[in-house]
There are 2 protein chains.
Amino acid sequence: MNEKFSQLKSQLDRAYALEAACTLFNWDQYNAPKGSIENTAKIIGTLSGEHYRALINDDVRRLLEELSTDEGLKDLSFHERSILKLLNKQFHKLSLIPPKEYEVFSALIARAYPVWETAKNNNDYAAFAPVLDEIIAYAKKFAGYSQKPGQTLYDAALDDYEEGFTTQILDHFFERLSTSLGPLVKAISQKQDLIDTSFLHKTYPAATQKDFCHFIAQYIGFDFNRGMISESEHPFTTQIHNHDVRFTNHYYENSLDSAIFSAIHEGGHGLYEQGIDDDITMTIAGSGTSMGMHESQSRFYENNLGRSREFWTPIYDKLVDTYPSQLKNVSLEDFYRAINASRPSLIRTEADELTYPFHIMIRYEIEKAIFEGTVTVKQLPDLWREKYKEYLGVVPDNDTEGILQDMHWSGGSFGYFPSYAIGSAIAAQIYHHLATVMPLKTYLTEGRLAPIREYLKEHIHRFGKCKNTQEILKDMTGEPFNPDYYIQYLTQKYTELYNL
Amino acid sequence: MNEKFSQLKSQLDRAYALEAACTLFNWDQYNAPKGSIENTAKIIGTLSGEHYRALINDDVRRLLEELSTDEGLKDLSFHERSILKLLNKQFHKLSLIPPKEYEVFSALIARAYPVWETAKNNNDYAAFAPVLDEIIAYAKKFAGYSQKPGQTLYDAALDDYEEGFTTQILDHFFERLSTSLGPLVKAISQKQDLIDTSFLHKTYPAATQKDFCHFIAQYIGFDFNRGMISESEHPFTTQIHNHDVRFTNHYYENSLDSAIFSAIHEGGHGLYEQGIDDDITMTIAGSGTSMGMHESQSRFYENNLGRSREFWTPIYDKLVDTYPSQLKNVSLEDFYRAINASRPSLIRTEADELTYPFHIMIRYEIEKAIFEGTVTVKQLPDLWREKYKEYLGVVPDNDTEGILQDMHWSGGSFGYFPSYAIGSAIAAQIYHHLATVMPLKTYLTEGRLAPIREYLKEHIHRFGKCKNTQEILKDMTGEPFNPDYYIQYLTQKYTELYNL
């Protein structure tokens, strides 16, 4: 290895270990004793500060400069060049944030989760509002540090999650979705009686749900020798490295489908992280390239595969065997229709594929308003209700089912939500592509998930951040991001499903 | 706060956060995916190296020197002076170990646990032997670094766990135990039929055991808002800080008492850590003062309290209600006698109070031999069998029940075992003292555990490492460590129990 790069690598290893420690503390906090949080937040704050200092210092700056010359780059591999490129960007971005602020913000975030959780459980937005106010102030301040000329403040925030997807592009994207799919949502809401979903809400014991979710994660290829499932209020995936990928789930005894599709969704994220090349795991290139691409993998598995007839063909009997009395007289076709039934609803994570992007559009518009300063924290619950009324025709009775439902803002993630819609659109584009290069439906019907997973690993997963979203899409499908496939996919699926 | 001390404190905070991260990774590894360990060991190695560098550097050296003068000490509080004293010792000791070695050793330890666990499960000592060999080499090397003139190598190792308890003192201690208690062990082994323990080995479902263990930990005062219980092969206690204290347990369905007494034992460790003063938690003074004192607390709760008639008087009915069919016709007195039955056995953690110190003596003598270089790793299983034959008259059929039973050596802990016997002796001394300052048996009979816990917190727990073992004993009981109470306690208890 190049001597200078090797010096840089040793600095990056330190930074990575510190980041991994923060990741583990964040993972652990879902099971940690409730009373631990104040002290532990200080530890996390200190570790974040150390992480910052391990990455942003004069040695790294010097090595970066020396390596970023023609001479310096000469002997570097593709992976090493990618790490250098990513580090240059991250160095520039992070060095704009004063270390002390970064540390205080990290401790704030560690403190905010239980406050949000309690507020959500108690339907007490007022208890969360002051912390949210603090978090927003930091999020705006940090976005301000990296804001470029011509960019809005929210553009700068968006760039953290999906490079190059500006408000201009997203306004257009959501406008198209709204125009094309809005009438479909409306037409279907007139035909609610067509699909029976009542059997999904019989009693399904948590223990058997856990077992089935373990099975289905394994079925799609999640490797339990290098991964695990735990529980939390809101399912999520995280990783220490490519041999330690973890996701959580939540088991509702009055719902058959909620945990199953969460397991497939998070399992999709997990496959991405388990598929990262050994050569780049534990480096800054060693995780999914963007939030949108990550969501494309989770939603591809959850929806494009997981909510298809073919996916369930080989395994539906197993589900019936697990719940013989509950699923007596429910055919595979009944099941297929029920898990795809569309109905405007309040909870994003429980939304069907068709109404889902409208949940995202609402959050996108609210985040824009927050960053433009046209709404106060106090006004947010009302704005939330107005938007739901406008786009989905439903209004939450309480904030637990309204503005408090998602954990993202408590974690300081603003600009993250749009990735979900971008991810869904990428998933449809990938689905369309896969159907042209392999007998996709046959594989599903025969229960052969491995060739699909291998293809995704080969063209997406293994690269980590060494290729960006657009590069991956172009190299794999031959064209850049194209939301047409998403609109076509949803239109076709739901027109057939509801005989429109 | 003194300006210089404040600078030092900020360095120590960094070191503490890094140490806490290592603690959390070690805790986490009991649940982490099996395949994660190679990568994770690298992370732990890096974090340990960072911890070392945060503590051992020129800034700390300079601040230590400047503060360790009359002028420097002037404005410091008792806690601050204690931290300074401890840091001086730790700095001296650690600065003798080359950082790279410390890092490699930490990664080795992280790797060793699963190797030991698998070897134990498969009765395959040969699989563990090479790792043990490496660990021993490091342990001896590290002891060598801090060995003082006139000290044996093993003395230097012992000093890590129990300051001032040399092989000379321990040889004498074990000699006395052996002389006084050996004949009692022999006499009792002739009267095995006197106590019926068969009901302890009916079937006790793990789920109800878990619930009862949760209850009993809470009963002795373990605070679940600042603590939790998890599972591992071998029960242990660890802490992130005084508001996050965790212990593990292991549930055997053919044993009623194993998990219960592990819970009381680990709960005793937990009370110590939860009782540390808020002012010193998350500092180098913020945990139990020594392994021996720690064991005194766990064994005091487990044995001196937990295996008394009075302890069970108010709660025995609850146990019977939990297992009505298994404990039908078993009186409190039957139960008391069964949980105290003495019989030479193979497993240390399952041993009764009377034979327990002989298990320790065996390990002590083996560790001495290892450090004197008079036994090879290959010869250890035979030496183990010989010693068990000699002192307890029993010989393990396999290494799982022999030399592989304890995890300590896989964690690099040599010199730790004697603390268990020292701790038992301290527990007896404390028990004797408490009986003179409070109506101890009345409190137990009435189920009032709080005054006992408060007394221990006031005189032992809250100080953390700000007082050493001898200081605590002298300040509390008026005399230094005195093993007479231990010999008296065991002699009296077992003479009565077996009508000798």
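For clarity, every value in this text was computed on a predicted model and none was experimentally measured. (Residues numbered from 1 in each chain as written. Chains lettered and ligands numbered in written order. Predicted model: local features only at pLDDT ≥ 70, side-chain atom pairs only at ≥ 80, totals over all residues. Heavy atoms only, no water.)

Q: Help me out: how do you make sense of the overall build of chain A in this one?
A: Regarding its fold elements, chain A presents 22 helices and 3 strands. Expressed as lengths along the three principal axes of its C-alpha atoms, the size of chain A is roughly 70 × 50 × 45 Å. By the burial criterion, 60% of the 500 residues in chain A qualify as buried. In chain A, the share of contacts with a sequence separation of at least 24, taken over all contacts with a separation of at least 6, comes to 75%. When the accessible area of chain A is evaluated, it comes to approximately 19,600 Å², of which 49% is carbon and sulfur surface. (Helix = DSSP H or I, 4+ residues; strand = E, 2+ residues; numbered from the N terminus. Buried < 20%, exposed > 50% of the residue type's maximum accessible area, 1.4 Å probe, protein only. Contact = heavy atoms within 4.5 Å. Areas by Shrake-Rupley, 256 points an atom, 1.4 Å probe, with all protein chains shown as cover.)

Q: How do you make sense of the nonpolar core when you look at a structure like this?
A: What tends to happen in soluble globular proteins is that the nonpolar side chains get buried as a cluster. Grouped together as the largest cluster of nonpolar side chains are 351 residues, with contacts concentrated most on Phe311, Trp312 and Ile452 of chain A together with Phe311, Trp312 and Ile452 of chain B. When residues no more than four places from it in sequence are discounted, the contact partners of Ile452 of chain A are Phe300, Tyr301, Leu305, Leu434, Met438, Leu440, Tyr443 and Leu444 of chain A. (Core = buried A, V, L, I, M, F, W, Y, C linked by side-chain atoms within 4.5 Å.)

Q: Looking at this structure, I do not really get the relation of the copies chain B and chain A. What am I missing?
A: Turning one copy of the chain about an axis and sliding it along that axis gives the other copy, so a rotation and a shift relate them. Each copy of the sequence occupies a distinct position, and chain B is placed on chain A by a rotation of 180 degrees and an axial shift of 0.0 Å, giving an RMSD of 0.0 Å. What the superposition gives is, in effect, a two-fold axis relating one chain to the other. Measuring from the rotation axis to each C-alpha of chain B, the shortest distance belongs to Ala21 of chain B, at 2.9 Å. (Least-squares fit on C-alpha atoms with pLDDT ≥ 70 in both.)

Q: Got a minute to help me understand helix α2 (residues 37–55) of chain B in this structure?
A: Every α-helical turn comprises 3.6 residues, leaving residues that sit three or four positions apart pointing alike. In a regular helix each residue adds 1.5 Å, so 19 residues correspond to 27 Å; α2 of chain B covers 26 Å between its end C-alpha atoms and thus fits that length. Burial analysis of α2 of chain B places 16 of its 19 residues in the buried class, which makes it a mostly covered element. (Expected span 1.5 Å × (residues − 1).)

Q: What exactly am I supposed to notice about the packing of helix α1 (residues 3–28) of chain A against α2 of chain B here?
A: The angle between the axes and the distance between the axes are what describe a pair of packed helices. Across the interface, α1 of chain A lies against α2 of chain B with an axial gap of 9 Å and an inter-helix angle of 105 degrees. Classified by the angle between their axes, α1 of chain A and α2 of chain B sit roughly perpendicular to one another. In this structure, α1 of chain A contributes Asp13, Arg14, Tyr16, Ala17, Leu18, Ala20 and Ala21 of chain A to the contact, and α2 of chain B contributes Ile43, Thr46, Leu47 and Glu50 of chain B. Its residues placed into classes, the contact of α1 of chain A with α2 of chain B shows 7 nonpolar, 1 polar and 3 charged. (Axes fitted to C-alpha atoms, helices over the stretch in contact; angles between N-to-C directions. Parallel < 35°, antiparallel > 145°, perpendicular 65-115°, else oblique. Nonpolar A, V, L, I, M, F, W, Y, C, P; charged D, E, K, R; others polar.)

Q: Sorry, what's going on with the domain arrangement of chain A here?
A: How big an interface is tends to be stated in terms of accessible area lost as the parts join. All names here are of chain A. Here chain A is described as being made up of domain 1 (3–122) and domain 2 (167–497). Averaged C-alpha coordinates put domain 1 and domain 2 at centres separated by 28 Å. With 26 residues of domain 1 at the contact, the number on the domain 2 side is 32 residues. In total, about 2,500 Å² of surface goes out of reach between domain 1 and domain 2, with carbon and sulfur atoms giving 68% of it. Broken down residue by residue, the surface that domain 1 buries against domain 2 is led by Trp27, Trp116 and Lys120, which jointly contribute 30%. Linking domain 1 with domain 2 are 1 salt bridge, by the criterion used here. Linking Glu233 and Lys120 is a salt bridge whose minimum nitrogen-to-oxygen distance equals 3.4 Å. (Domains from an automatic or database assignment. Buried area = accessible area lost by both parts, 1.4 Å probe. Salt bridge = Lys/Arg side-chain N within 4 Å of Asp/Glu carboxyl O.)

Q: Explain the sheet that holds strand β2 (residues 237–241) of chain A here, please?
A: Neighbouring strands of a sheet are bound in pairs by backbone hydrogen bonds; such pairs are parallel or else antiparallel. All names here are of chain A. Spatially, the 3 strands line up as an open sheet ordered β1-β3-β2, and their pairing is mixed. Lying at the two open borders of the sheet, with one neighbouring strand each, are β1 (227–231) and β2. The average angle at which neighbouring strand axes cross in this sheet is 20 degrees, direction not considered. Relative to strand β3 (residues 244–249), β2 is paired through 4 bridges, and the arrangement is antiparallel. Bridge pairing links Thr238 to Arg246 in β3. Taken strand by strand, α1 contacts β1, β2 and β3, and its axis lies near 145 degrees from that of β2. (Pairing = 2+ DSSP bridges.)

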